[in-house]
Amino acid sequence: MVHSRVSARIAAIKPSATLAVDAKAKALKAQGRPVIGFGAGQPDFPTPEHVVEAAAAATRERVNHGYTAAAGLPELREAIAAKTLRDSGLTLDPSQIVVTNGGKQAVYSAFATLLDPGDEVLLPAPYWTTYPESITLAGGVPVQVTADESTGYLVTVEQLEAARTSRTKVLLFNSPSNPTGAVYPRSAIEEIGRWALEHGIWVVTDEIYEHLVYDGAESHSLPVVVPELADTTLVLNGVAKTYSMTGWRVGWIAGPADVIKAAASYQSHLCGNVSNVAQRAAVAAVGGPLTVVHEMRAAFDRRRQLIISMLAKIPGVETPVPQGAFYVYPSVKALLGKEIRGERSADTVELAELILREAEVAVVPGEAFGTPGYFRLSYALSDEEIVEGITRLGELLS
Ligand code: PLP
């Protein structure tokens, strides 16, 4: 028998639509071109000094040089339990937490732990590009439920109910959202939570942007709003976005103790423990004050208002005002098929390529998030870069 070189499972992973634009942007930058990149999904601030200091000290402690418990350092699991109670009001025992190699691994491990082959996961779209791949890799079937700008990208219970089948096991929930910046109000969360409870549907809720909310919007944790759901909910979180620690790779899953025990067994074979130095840094981050987080949030809010006010002046670009995270998700459907510098783009991948070539501005096409016709722009860059990049975009498109 001839074996294929790459397994069918891995070969089925779709190359990210972000990569084409990103690779071209990097190539142009390497040639010295002044490309402005709105693609980055990470804060542009350094990690807070007290966190870096804690990590530096941890490198010198012998105890951090060897393997530690797969589920995470006891000090970190305790600090995460305390932080969760402080920030969302959810009460957790440290045994209900498994520390993962970033929020991304939390997503993979959550689905690997919950799904059997053929289990369906309701996936509100626009979605973060990693969700469908991790669901599929775990043997599950992502079932896309799409919301557009007319509802501020919020899916309704009616839409979820229409997509529910006897195979539906999990609802993926992400508020504040990547890529739209949408924040579900408490009433909508309660309605969705009650519906999930009524139908015995598990919830995987990704709260990684919980602290990045604006205009008085509030993040609400699903199992706090509907406490009866706590036994069938996994809460995902991490230090990446809140503390500007994307490179440190620390996230976690919190949920019922039996499922967390299973996820920890999986982790013990998958990767052993997360880097002890990074875990010590995370103890300092989640155990520390939120003042630095609030400073970052104020800077993001200023940039959010700047980018929204500038985008509003560009014809054909419709931008609902996002209340969370650090992304805007304008509809650019009106620009498809329109002649721009002698070219007509059939889809947003082509339009993003044209913009990169002609304006030297990189944006991520909506195809990456399950919804062609849109762009995601991160505003985690300096005010000057935002002004320059959106000015160039406006000059090209007007
Ligand atoms: N969840 C969402 C919605 C994200 O946008 C990201 C990162 O982009 C993550 C989870 C994972 O973050 P990390 O793996 O860096 O902790």
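Please read these numbers as outputs of a predicted model, since none were measured by experiment.

Calculation criteria
Residues numbered from 1 in each chain as written. Predicted model: local features only at pLDDT ≥ 70, side-chain atom pairs only at ≥ 80, totals over all residues. Heavy atoms only, no water. Near = heavy atom within 4 Å. Polar contact = N/O pair within 3.5 Å; in protein donor to acceptor, adjacent residues only side chain to side chain. Areas by Shrake-Rupley, 256 points an atom, 1.4 Å probe, with all protein chains shown as cover. Helix = DSSP H or I, 4+ residues; strand = E, 2+ residues; numbered from the N terminus. Nonpolar A, V, L, I, M, F, W, Y, C, P; charged D, E, K, R; others polar. Buried < 20%, exposed > 50% of the residue type's maximum accessible area, 1.4 Å probe, protein only. Domains from an automatic or database assignment. Contact = heavy atoms within 4.5 Å. Buried area = accessible area lost by both parts, 1.4 Å probe. Salt bridge = Lys/Arg side-chain N within 4 Å of Asp/Glu carboxyl O. Phe/Tyr/Trp six-rings, centres within 6.5 Å; stacked < 30°, edge-to-face > 60°. Patch = residues over 30% accessible without salt bridge, like charges linked within 9 Å, V, L, I, M, F, W, Y side chains within 5 Å. Pairing = 2+ DSSP bridges. Axes fitted to C-alpha atoms, helices over the stretch in contact; angles between N-to-C directions. Right-handed = clockwise from strand over helix to strand, strands pointing away. Core = buried A, V, L, I, M, F, W, Y, C linked by side-chain atoms within 4.5 Å.

G103, N178, D206, K241 and R249 are the nearest of the 13 residues found near the ligand. Measuring from an oxygen atom of the ligand, one finds a side-chain N or O atom of R249 at 2.7 Å. Notes on the ligand: free accessible area 400 Å², of which the protein chains cover 93%. Top element by residues in the shell around the ligand is helix α5 (residues 102-114). It accounts for three residues. Considering only residue class, the shell around the ligand consists of five nonpolar, four polar and four charged.

On the secondary structure map, T242 appears in the loop between β7 (233-238) and β8 (251-254). Taking the relative accessible area as the measure of exposure, T242 reaches 4% and is therefore buried. Linking T242 and E295, residues 53 residues apart in sequence, is a C-alpha distance of 11 Å.

Turning our eyes to something else, we now look at the domain arrangement of the protein chain. Assigned domains within the protein chain: domain 1 (8-46 + 292-397) and domain 2 (49-287). Look at where the C-alpha atoms of domain 1 and domain 2 centre, and you get two points 26 Å apart. Counting residues at the interface gives 36 residues for domain 1 and 31 residues for domain 2. Summing the contributions of domain 1 and of domain 2, the shared interface buries around 2900 Å²; its carbon and sulfur component is 58%. Linking domain 1 to domain 2 there are three salt bridges. Note that K14 and E133 form a salt bridge whose closest N and O atoms lie 3.9 Å from each other.

Turning to the packing of aromatic side chains, a few remarks are in order. In this structure the tally under the stated criterion is eleven aromatic pairs. Centroid distance F45 to F300: 5.4 Å. Interplanar angle 70°. Geometry classified as edge-to-face. Residue F45 is located in the loop between β1 (36-37) and α3 (49-59), and its partner F300 is located in helix α12 (residues 291-311); the two are separated by 255 residues in the primary sequence. Looking at F45, the relative accessible area reads 22%, which means it is partly exposed. Measuring from ring centre to ring centre gives 4.7 Å for F173 and Y184, while their planes differ by 50°; the resulting arrangement is tilted. Placement of F173 in strand β5 (residues 168-174) and of Y184 in the loop between β5 and α8 (186-198) is noted, with a sequence separation of eleven residues between them. The class of Y184 is buried, set by a relative accessible area of 5%. One aromatic cluster is present, formed by F45, Y209, F300, F326 and Y327 through successive ring pairs.

On the surface, a nonpolar cluster with roughly 220 Å² of combined accessible area is contributed by V6, I10 and I13. A relative accessible area of 39% places I10 in the partly exposed class.

Another point: the sheet that holds strand β14 (residues 375-378). Strand order in the open sheet formed by three strands is β9-β14-β13, with antiparallel pairing between adjacent strands. Edge positions in the sheet fall to β9 (327-328) and β13 (364-365), since each has one partner strand and no second. Its contacts with the sheet place helix α13 (residues 348-359) against β13 and β14, and it is angled at close to 45° to β14.

Next up on the list: the pairing of strand β6 (residues 202-206). Taking burial as the measure, the five residues of β6 include five buried ones, the bulk of the element. Residues W202, V204 and D206 line one face of β6 and the alternating positions V203 and T205 line the opposite face, and both faces are buried. Where β5 lies against β6, five bridges are found, and the strand directions are parallel. Bridged to L172 within β6 is V204. Where the polypeptide runs from β5 across α8 and back to β6, its parallel neighbour, the crossover connection is right-handed.

Quick look at the nonpolar core now. Ranked by internal contacts, the top residues of the largest apolar core, which has 43 residues, are F38, I307 and I390. The set of elements that each furnish at least two residues to this core consists of α2 (17-30), α12, β9, α13, β12 (361-362), β14 and α14 (383-397). Composition of this core by domain shows at least three residues from each of domain 1 (8-46 + 292-397) and domain 2 (49-287). If sequence neighbours within four positions are ignored, I390 has contacts with F38, I307, M310, L311, I314 and L377.

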